[in-house]
Every structure is written in structure tokens, then in C-alpha cells.
Amino acid sequence: MELDKDYTYILHENPPQALLNDSQLAKKVLITYLSWPCGEMQFLNSILPHLQSMKMKTNGDNNRYRYYLQFSTLVAQILVCNIRKKLWDPEKQWDIVNVIGKLDMEKEFRESQYEVYRNFLEKECRRMGILPSLIDYGLLTRILIVLVSVVVTCAMTETYLNITDSLFLGILNGSILAGFHYLYTKK
């Protein structure tokens, strides 16, 4: 992942006084995670209370909010980079990415990094069957069975039945075949 902006500078900035304690605690959690990597969910569970406390103490102060937002974006950036590099299980990645999505992030990072990766991962999870497909191929198959049955029935009974009867018979035959398809595949 190529980063548009590196947020690590926030670790060297002096936080606003109201955020000092929470910032120091969050930095300790972050440094521990980077030094002795634990699971990403464990890291998130450890750092979220400090981020939430910082957010509550912003009280509409732009300087405080800017610091909090950049710190939260740094956490998201580190996690997205790490799960892309370390985790090979798309299902675990998907779970973590959804928790990361609840973090506040700078708009630029959210749009250019987080959402791009989340969309890619969602497509991959759908392709692998981890998430349900947006297209129900079983339903499409049954519709195709009915349509083919109608065409074949109309072509075969063209001289013996009128078009309405042929259509009805084709739909009936196709529906029966589609029902068997459903019972066989359960999809």
C-alpha cells in the first residue's frame, strides 16, 4: 500500500493539554503493538478507550479535534497496512476492516486508502463466498430455465397449440424444472 500521507508525525507533536494523558496512554499502546505485535483486534480493544476519551475531550476545540483526528487516522493507517501485509485470512481482514471503519479518519485517508482497500476486500470476500454475492446465481439459473423452457415449448407446440397455451405450458414446465433445480442445489 502506497501511502499518500504519513501520519507518524503526530507521535512527535505535543498534544493539547486536555488530551495529554490520553495521548500518552494511547502512544504506549501503539508502541507496544508495534514492538511486540499482538492481534489487531486486541490492539483495537486496547486503544479504542483512549481514542474515545480524546474525542470526548475535544469539546469543539479545533486544535484538540485536529490532533485527535490525526491520531485516530494514524491508528487506522497502521492497521490497514498491517492487515494487508500480515493477515492472509480475508474473513479476519473483513472483521477488522469493519471495526477500523468506525474510527474517525481524515477524509483524504478514508477515501483514498481505507475505502479503496475495503471495497477491494469486500469484492474478494464475495468472490470467495465469505460474504453473500450481490448476484443470486441460483435465481438467475432458475429464470433462465423457465425462459428456455418457454422457448422450447413454444417452438415444439407451434402447430398444435395456440401461443397462449404454448406459453402457459412452457412456464409450467420451466417452473417445475426450476423447482427441481432449487431442491437439488438449495441455492
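Parameters at a glance
- Residues numbered from 1 in each chain as written.
- Predicted model: local features only at pLDDT ≥ 70, side-chain atom pairs only at ≥ 80, totals over all residues.
- Heavy atoms only, no water.
- pLDDT = per-residue confidence, 0-100.
- Helix = DSSP H or I, 4+ residues; strand = E, 2+ residues; numbered from the N terminus.
- Buried < 20%, exposed > 50% of the residue type's maximum accessible area, 1.4 Å probe, protein only.
- Polar contact = N/O pair within 3.5 Å; in protein donor to acceptor, adjacent residues only side chain to side chain.
- Contact = heavy atoms within 4.5 Å.
- Core = buried A, V, L, I, M, F, W, Y, C linked by side-chain atoms within 4.5 Å.

A. A look at the confidence of the model for the protein chain. Model confidence for the protein chain is summarised by a mean pLDDT of 85, while 91% of its residues fall at 70 or above. Mean pLDDT across the elements of the protein chain bottoms out in helix α6 (residues 137–156) (79) and peaks in helix α2 (residues 40–56) (95).

B. Just the side chain of threonine 153, in detail. Within the secondary structure, threonine 153 is located in helix α6. A relative accessible area of 7% means that threonine 153 is categorised as buried. Looking at threonine 153, its side chain comes within polar contact range of the main-chain oxygen of serine 149, at 2.7 Å. Residue contacts for threonine 153: discarding those within four places in its chain leaves Ser166, Leu169, Gly170 and Asn173.

C. Fine view of the nonpolar core. Of all hydrophobic cores here, the largest spans 36 residues; its most connected members are Phe43, Ile47, Leu51, Met54, Phe71, Val75 and Ile100. In this structure methionine 54 touches Leu19, Asp22, Ser23, Ala26, Tyr67, Tyr68 and Phe71, once residues within four positions along its chain are discounted.

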